[in-house]
Amino acid sequence: MSLPRRGRGSRLAGCRVAGTSVPRATALSPQRAGRGAQSVSHAQRLTRRRHCSQQVPPEPEPQADFRSGKWLYERAGGDVRDSRQALRAGMGSKYRICGREDVVIPCASDNDSGSMDLQLSNIEDIKKRPSSIELTDSDISDFPGLLQDPLADSFTSLTHPGPLGEALVDRLIHSIEEGLHGDLKDEHAKLIFLRSLSSLSQSLPYDETTESFIHSHMEDIVRVLSVLVQEESLHSLFSPVRQEIFVLIAGLSYQDVHLLCGSEDQADLFSLITRSLITLPSTRTLLQLKEVMPSRPYSLESLYRQTFQAFSEMLQSLVVKDPHLENLDAIFKHMDPWLQSVVDHERERATASMAQVLKCLSRHLSLKLPLQFQRLGHLVAMMALLCGDPLKEVAEEAAEGTHHLLHVTLRLKYITHDKKNHQDLKNALKKCRGLLELYSIKQFYNCPFKIAQVFEVFLNASELCQFVMTTLDGLNTQKHPCTQQSAGELLITLVKSAESRFEKVPEIMGVICARLSTISQPRVRQQIIRTVSLFISRPKYTDTVLSHLLCHPVPYDRHLAELWRNLEVELPSTTWILWRLLRKLQKYHNLPAQEKMAYMAVAATNALYEVFVGNRLRAATFRLLPQLLMTLLVQVHHSIGLRMSDVAIPSGLYTGREMSSEVTPLCLALQATKTLLLRTLCWQEFYTIERNRGWSLLGGSDCHLQGVFLLANTLLERNHLLAHKVMYLLVPLLHRGNDKHQLTAAGFFVELLQSPVAKRLPGVYSMARLREWLHCGNDLFRILALRGLHNLVRHQEMESRRVLGICATFLKWKLPPEVYCKNPWCIRPTEVGTICRFFGKKCKGKINILAQTLMYSKDAKLPIRRTAVLFVGLFAKYMDRSELQLQGTGWIEDDLRILLHDPEPSLRMIASQALFQVQRMRTEPESEQTVCWLRKRMGCHPA
């Protein structure tokens, strides 16, 4: 039984079942509707003509140069405007699918300005009006196409042919069912099926049976259409089946039955349909086919144009009544790959199709919240990139599409903006007007970066990130080999103007690093580096960018190395960037020793090396040289004996890339240290260390501290200013970090205590620190403490009693009180003798004490020279004969003989006595010495 029907009535007398005859495919030009008149879609007109008794007259063949896109129509009594309606499929932008006066858009009114200049004259009028505090609709409507009446009610007034008869509906359903369950092998059967379904769809508003049948057979209809599309060869230009499919889908869309949006099968059908049209041969191929193929009952060019026109209107039918922009999202999803095609005519067709969809939206946008379209930034970026396309036709189509997209964006933002705060939107509109006034329209659409300046004021943070990501995709040489320059300018402009609103910086950095290897143009690569520089120079993003850049295999490839070496930032930012990179490395030196070294420490070391090799951060490198030098030395200590297998490498980092066995954490740390010295002009220091095998010492497990001593002494000798800076830097670092950190810092510190500047250090930072290390459980720290005390003894202003006191405590000595006497020794020889006797009894290696004392005999100050010589003479009596024989006394006697000629008489006298005593110790037999000692003990005197 048939289902009950709404509005039963007879079909128009002249109607007959589709399929009784297949009309010839003709090039049809829709007439332009007058103002206020009801408009009928092209798909509906085609359907009516096919299913009415009126015979469609064949249209005269166009006299055309198809290659140049010039079409001349000779229609008797036809409107001259029809000649402007040449549909373009691979033709110049000058001859669009629809002329600017005649647009194939359902219910499109004639009052659309359609001008690409955004009616700047209107903006000028707005500028002259007094500003208002409150935002009103009039502020938005100043931009053409913004607040037009919604289209929802206009479709209800379309003139439908009326309900079909019951018998006719049954015959159509029967014909369709045969097509759904049978074989549609020839063109005639396919056309009967498609046109029967189109005819039946006209009865949807009136007939419940029709509605029930179509909705219950949606899956079958989608399946059959998919088969029909796949059976159409990509080079099949001689069948109207493809066109009929587009007309059918458009007609159903006007009845709110969408075959292309919804299920996965419908999405696949959408993809098939798009591919079948976009990949049709170019116009050049079409001309060649026309020459070799036999004559057809219809014009090949007309069918070609008509098919593309039907496809364009099919897309528009999906969005014309879509209040949430869901279908626009689907259209853009399927068009996106073709907008980036490397084939010119494919990219041109996709761009022209999107331009028509956006034009339709700009006229008939009727939105309801919540909106589902989430890729506005992606769409804006893609259209902006296409505006810079090297193919003129693509650029012009993209320009018109961008014009309409701006209208859509303004209306979209007007609907979705916070109604409580109108001022933000008013300011955005004001900025938009100002920018448009600065540029002529030709400049605006030929320069994508200017488009970015206009759209940036309306896009939110998420949309801006989409904009950047799409622009970065446009830099891929495999997709846009000729638009890299435009994409680079677009990217840098957007980041400069809106960097503070980005949310997905890690994702953006990921795309940048992935694209670096595919970009060959040096200027574009430089723009990419400038983009990274802008992000990294902002404190908000510095750590984020650094963390992302460091998560790459070491040593860095040439592309990432180039990025590190050429960062372009201002001086304050360079210091900040280098400091943050330094801190990331120091962070791991403060952690306790772990089983494996952190990969971030190795990556940061390699990054510092690349920065030093480059010349961009040189000033910051000089400024942070002490910190950099010590941090790298500590990293060297941590890296001794490690291989990359001893590093905690993140999983998947080296996927597809073989790790070199020659790369070790130690070699990376050493090369960074060497490069640091060379970059900061420490040439002499570098070669001194190299000449004395200092790099091998630094990298040795048992001799690392010797390498540290060598470097410290070299700095004291060659670059005392840097040595002093390092010394003051080390004071707060001595109690930080793990054992290796503290040990390297302590080794450098104690060696720098030789410097005269060390006397300025408060005791709490020198003496107290050394005293603490003397009682440390680590023998290396105890050795360093003694070495530091030895160096401190040289500074008399510090005259040395405190050092001796620390040493005595460490050796468990109880020094005689005479040691602490403040009077000069030269006037109290008895007390000096007591001190010498004490050291003679307690100390071993007296010859070393004598040698150290002689160093002070060359001091510039007379009191010090005199005291040193006095001590040598008195202490020589307690020397072991075996020591003197082993070491010899010639070097002692030579120093004392020089002092015999000193201008000071007192010093000459003391030096003479000391020389006599040393000579006596050398010549006097050991037994006689013992007898003399015993006599003195017994109070006897020699005869």
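Structure's up top.
Just so it is clear, the structure is predicted and the values come from calculations on it, not from any experiment.

1. Describing the packing of helix 42 (residues 890-899) against helix 43 (residues 905-923)
Part 1 of the reasoning: One way to put it is that helix 42 packs onto helix 43 with a least axis distance of 8 Å and a crossing angle of 155 degrees. Between helix 42 and helix 43, the angle is such that the two are roughly antiparallel. Crossing hand, helix 42 versus helix 43: left-handed. In contact with Ile-892, Glu-893, Leu-896, Arg-897 and Leu-899 of helix 42, helix 43 contributes Leu-907, Arg-908, Ala-911, Ala-914, Leu-915, Val-918, Gln-919 and Arg-922.
Part 2 of the reasoning: By residue class, the composition of the contact of helix 42 with helix 43 is eight nonpolar, one polar and four charged.

2. Points about unusual backbone geometry
Part 1 of the reasoning: Backbone torsion omega between Leu-369 and Pro-370 reads 0 degrees, so that peptide bond is classified as cis.
Part 2 of the reasoning: Within the fold, Pro-370 resides in the loop between helix 13 (344-364) and helix 14 (376-387).
Part 3 of the reasoning: A cis amide bond links Val-554 to the next residue, Pro-555, at an omega of -10 degrees.
Part 4 of the reasoning: Following the sequence through the fold, Pro-555 ends up in the loop between helix 23 (539-550) and helix 24 (558-565).

3. Concerning the side chain of His-378
Part 1 of the reasoning: With respect to the element layout, His-378 can be found in helix 14.
Part 2 of the reasoning: The exposure class of His-378 is buried, given its relative accessible area of 11%.
Part 3 of the reasoning: A polar side-chain atom of His-378 sits 2.7 Å from a polar atom in the side chain of Asp-336.
Part 4 of the reasoning: Among the polar contacts made by the side chain of His-378, one reaches the side chain of Thr-470 at a distance of 2.2 Å.
Part 5 of the reasoning: Residues within four places of His-378 in sequence aside, it is in contact with Phe-332, Asp-336, Gln-466, Phe-467 and Thr-470.

4. As for the pattern of salt bridges
Part 1 of the reasoning: Using the criterion set out here, one finds 20 salt bridges in the structure.
Part 2 of the reasoning: Salt-bridge contacts for Arg-580 lead to Asp-543; the nearest nitrogen and oxygen are separated by 3.0 Å. Of this pair, Arg-580 sits in helix 25 (residues 571-589) while Asp-543 sits in helix 23; the two residues are 37 residues apart in sequence, bridging distant segments of the chain.
Part 3 of the reasoning: Among the charged side chains, a network of salt bridges with common partners joins Asp-344, Arg-347 and Asp-389.

5. Side note on a negative patch on the surface
Part 1 of the reasoning: Together, Glu-219, Glu-264, Asp-265 and Asp-268 give the surface a local cluster of negative charge.
Part 2 of the reasoning: Counting residues per element, the negative patch draws most heavily on helix 9 (residues 264-278), at three residues.
Part 3 of the reasoning: Within the secondary structure, Asp-265 is located in helix 9.
Part 4 of the reasoning: Judged by relative accessible area, which is 51%, Asp-265 ranks as exposed.

Reading the values: the criteria
Residues numbered from 1 in each chain as written. Predicted model: local features only at pLDDT ≥ 70, side-chain atom pairs only at ≥ 80, totals over all residues. Heavy atoms only, no water. Axes fitted to C-alpha atoms, helices over the stretch in contact; angles between N-to-C directions. Helix = DSSP H or I, 4+ residues; strand = E, 2+ residues; numbered from the N terminus. Parallel < 35°, antiparallel > 145°, perpendicular 65-115°, else oblique. Left-handed = near helix turned anticlockwise from the far one by under 90°. Contact = heavy atoms within 4.5 Å. Nonpolar A, V, L, I, M, F, W, Y, C, P; charged D, E, K, R; others polar. Buried < 20%, exposed > 50% of the residue type's maximum accessible area, 1.4 Å probe, protein only. Polar contact = N/O pair within 3.5 Å; in protein donor to acceptor, adjacent residues only side chain to side chain. Salt bridge = Lys/Arg side-chain N within 4 Å of Asp/Glu carboxyl O. Patch = residues over 30% accessible without salt bridge, like charges linked within 9 Å, V, L, I, M, F, W, Y side chains within 5 Å. Areas by Shrake-Rupley, 256 points an atom, 1.4 Å probe, with all protein chains shown as cover. Lys, Arg positive; Asp, Glu negative; His and termini not counted. Charge placed at Lys NZ, Arg CZ, Asp CG, Glu CD.

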